[in-house]
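# Architecture at a glance
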Amino acid sequence: MPDRKSSFFIFLSLAGMLVACAQGVPSSQPSPIPSTPSPLPEKKLEYDLHKLPRSIVHTLKIPAQSQFVVTTAVSSKLQTVEEFADSSQAIAVLNGGFFDPENQKSTASIFQNGQQIAKPEDNDRLMNNLNLLPYLDRILNRSEFRRYQCGSSQQYDITPRQELPPTDCQLQDALGAGPQLLPFSTLREEGFLDGQNGTVIRDALGHNQPNARSAIGITRDGSLLLVLASQNPDNSTNSGLSILELTDFMKKQGVEKALNLDGGTSSALFFQGETFYGKVNESGEPIARPVKSVLLVKSTKKPEQ
């Protein structure tokens, strides 16, 4: 049994330890090490190939909130998607808006980095075409794919050209094409289709005919889907997708907003060094046609030194 002196010193020692703990002085026991949150896994582009009865469809999904961004590009002269990829160091390139192959001018409105770099009003052959005069107002307000900067985040949308950006958002990139496929078709509203009493007097896209098609869509979570519908090499005259078939395909992929892009011989998708073409000739060989504008997929992640 300890004497009174020993008991007194034991009491002082215990009191000192309590004071030390209260003042934050480390005790002899190791403190728990705060856990460091694990970094989120890096999202990847998702390429897929879909073999349909009349078409081979290539899709490239760009996950929402990823290190990838979709922007626009226009060339002073027509270029292939491979040439656009080389000059921009893009991971993927999809052909973009409509253009006049005779004067090589865009018939679509295009913004890049907040600046308008092409507009249909500058194309004399479009503006002075008497056959298009009844549809000109609709042509000048066709739908476009947009990228906004909204504070510290970016957003994508598909909207008519004359629609104002959302409040507190700045328009960064836009590429006009049309029509909208989803949530509903705007073939008539954008002047691609016209007719009365079952008689079609204008069908600029051959909407019921199978053809090579290109499109871009936005899913519910904000992911983007690039789509190239190619013709079958063994059936150049009756393969590809109609506009309705393209719409149905994109809906099945979870797309809620979709925009048709320039199609036919313009349809082409470049991804990681390989190019897929939409149109084929009578021998089943792909047709590589240079285009005026494209959508670029680029990484915002800086390359490691």
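Residues numbered from 1 in each chain as written. Predicted model: local features only at pLDDT ≥ 70, side-chain atom pairs only at ≥ 80, totals over all residues. Heavy atoms only, no water.

## So, the packing of aromatic side chains
Enumeration over the complete set of coordinates arrives at four aromatic pairs. Ring centres of Tyr47 and Phe271 lie 6.0 Å apart, and the angle between their planes is 25°; on these two criteria the pair is classed as stacked. Taken as a pair, Tyr47 in strand 1 (residues 46-51) and Phe271 in strand 18 (residues 268-271) lie far apart in primary sequence, 224 residues in all. Take Tyr47: its relative accessible area is 32%, and that puts it in the partly exposed class. In this structure Phe271 comes out as buried when scored by relative accessible area, which is 10%. (Phe/Tyr/Trp six-rings, centres within 6.5 Å; stacked < 30°, edge-to-face > 60°. Helix = DSSP H or I, 4+ residues; strand = E, 2+ residues; numbered from the N terminus. Buried < 20%, exposed > 50% of the residue type's maximum accessible area, 1.4 Å probe, protein only.)

## A word on the nonpolar core
Counting residues in each nonpolar core, the largest one holds 44 residues, and the members touching the most others are Ile62, Val70, Phe145, Met250, Leu261 and Val297. Per-element accounting of this core gives the leading share, six residues, to strand 16 (residues 224-230). Not counting residues up to four positions away in its chain, the partners in contact with Val70 are Ile62, Phe145, Arg147, Tyr156, Leu224, Leu295, Leu296 and Val297. With 14 residues, the next largest nonpolar core counts Ala85, Ala268, Tyr277 and Val291 among its residues. (Core = buried A, V, L, I, M, F, W, Y, C linked by side-chain atoms within 4.5 Å. Contact = heavy atoms within 4.5 Å.)

## Notes on the sheet that holds strand 4 (residues 92-95)
Sheet architecture is open: five strands sit in the order 3-20-4-18-19, paired in antiparallel fashion. For this open sheet the edge positions go to strand 3 (68-79) and strand 19 (274-277), each flanked by a neighbour on one side alone. For this sheet, the mean angle separating the axes of adjacent strands, direction not counted, is 20°. As defined by bridge partners, strand 3 adjoins strand 20 (residues 291-299) across eight bridges and the pair is classed as antiparallel. Looking across to strand 20, one finds that Val69 is bridged to Lys298. (Pairing = 2+ DSSP bridges. Axes fitted to C-alpha atoms, helices over the stretch in contact; angles between N-to-C directions.)

## A closer look at the sheet that holds strand 8 (residues 115-118)
One open sheet accounts for five strands, arranged 8-7-11-9-10; its pairing is antiparallel. One side of each edge strand has no neighbouring strand; the edge strands of this open sheet are strand 8 and strand 10 (153-160). Within the sheet, the average angular offset between the axes of one strand and its neighbour, ignoring direction, is 35°. Direction of pairing for strand 7 (residues 110-112) relative to strand 8: antiparallel, over a ladder of three bridges. Within strand 8, the residue paired with Phe111 across the bridge is Gln116.

## Let's talk about the side chain of Ser236
Here Ser236 shows up in the loop between strand 16 and helix 5 (243-252). Residues in contact with Ser236, not counting those within four places in the same chain, are Gln231, Val280, Asn281 and Glu282.

## Observations regarding the state of the cysteines
Evaluated as defined, the whole model comprises one disulfide. One disulfide in the model links Cys150 with Cys169; its S-S distance is 2.0 Å. Here Cys150 and Cys169 share a disulfide; its torsion about the S-S bond, 115°, makes the bridge right-handed. Residue Cys150 is found in strand 9 (residues 143-150), and its partner Cys169 is found in the loop between strand 10 and strand 11 (170-176); the two are separated by 19 residues along the sequence. In this structure, Cys150 and Cys169 share a single accessibility class: buried. (Disulfide = S-S within 2.5 Å.)

## Things to note about the layout of surface pockets
It is the rolling of a water-molecule-sized probe over the atoms that shows where space remains empty. If you add up the space inside the largest pocket, you get close to 540 Å³. Lining the largest pocket are 25 residues, with Phe98, Phe99, Thr107, Ala204 and Asp262 sitting closest to its centre. Among the secondary structure elements, those contributing two or more residues to the lining of the largest pocket are strand 5 (99-100) and helix 3 (124-127). Within the lining of the largest pocket, the residues separate by chemical class into 11 nonpolar, seven polar and seven charged. (1 Å grid on protein atoms, 1.4 Å probe; cavity = no way out; pocket = protein on both sides within 12 Å on 5 of 7 lines; lining within 4 Å. Points joined across faces, edges and corners; volume = space filled by probe spheres on them. Nonpolar A, V, L, I, M, F, W, Y, C, P; charged D, E, K, R; others polar.)

## Quick look at the pairing of strand 20
Burial runs high along strand 20: seven of the nine residues are buried. Two elements, strand 4 and strand 20, share four bridges in a ladder whose sense is antiparallel. Within the sheet, the bridge partner assigned to Val93 lies in strand 20 and is Leu296.

## A look at the environment of Leu244
Of note, Leu244 is situated in helix 5. On the accessibility criterion, Leu244 (54% relative accessible area) is exposed. Between the C-alpha atoms of Leu244 and Ser185, which are 59 residues apart in sequence, the distance is 8.9 Å.

## Digging into the pattern of salt bridges
Tallied over the entire structure, the rule returns eight salt bridges. The salt bridge partner of Arg54 is Glu245, with a shortest N-O separation of 2.8 Å. Taken together, the residues Arg54 in the loop between strand 1 and strand 2 (56-62) and Glu245 in helix 5 connect sequence positions 191 residues apart. Residue Glu245 is classed as partly exposed on the basis of its relative accessible area, which comes to 30%. (Salt bridge = Lys/Arg side-chain N within 4 Å of Asp/Glu carboxyl O.)

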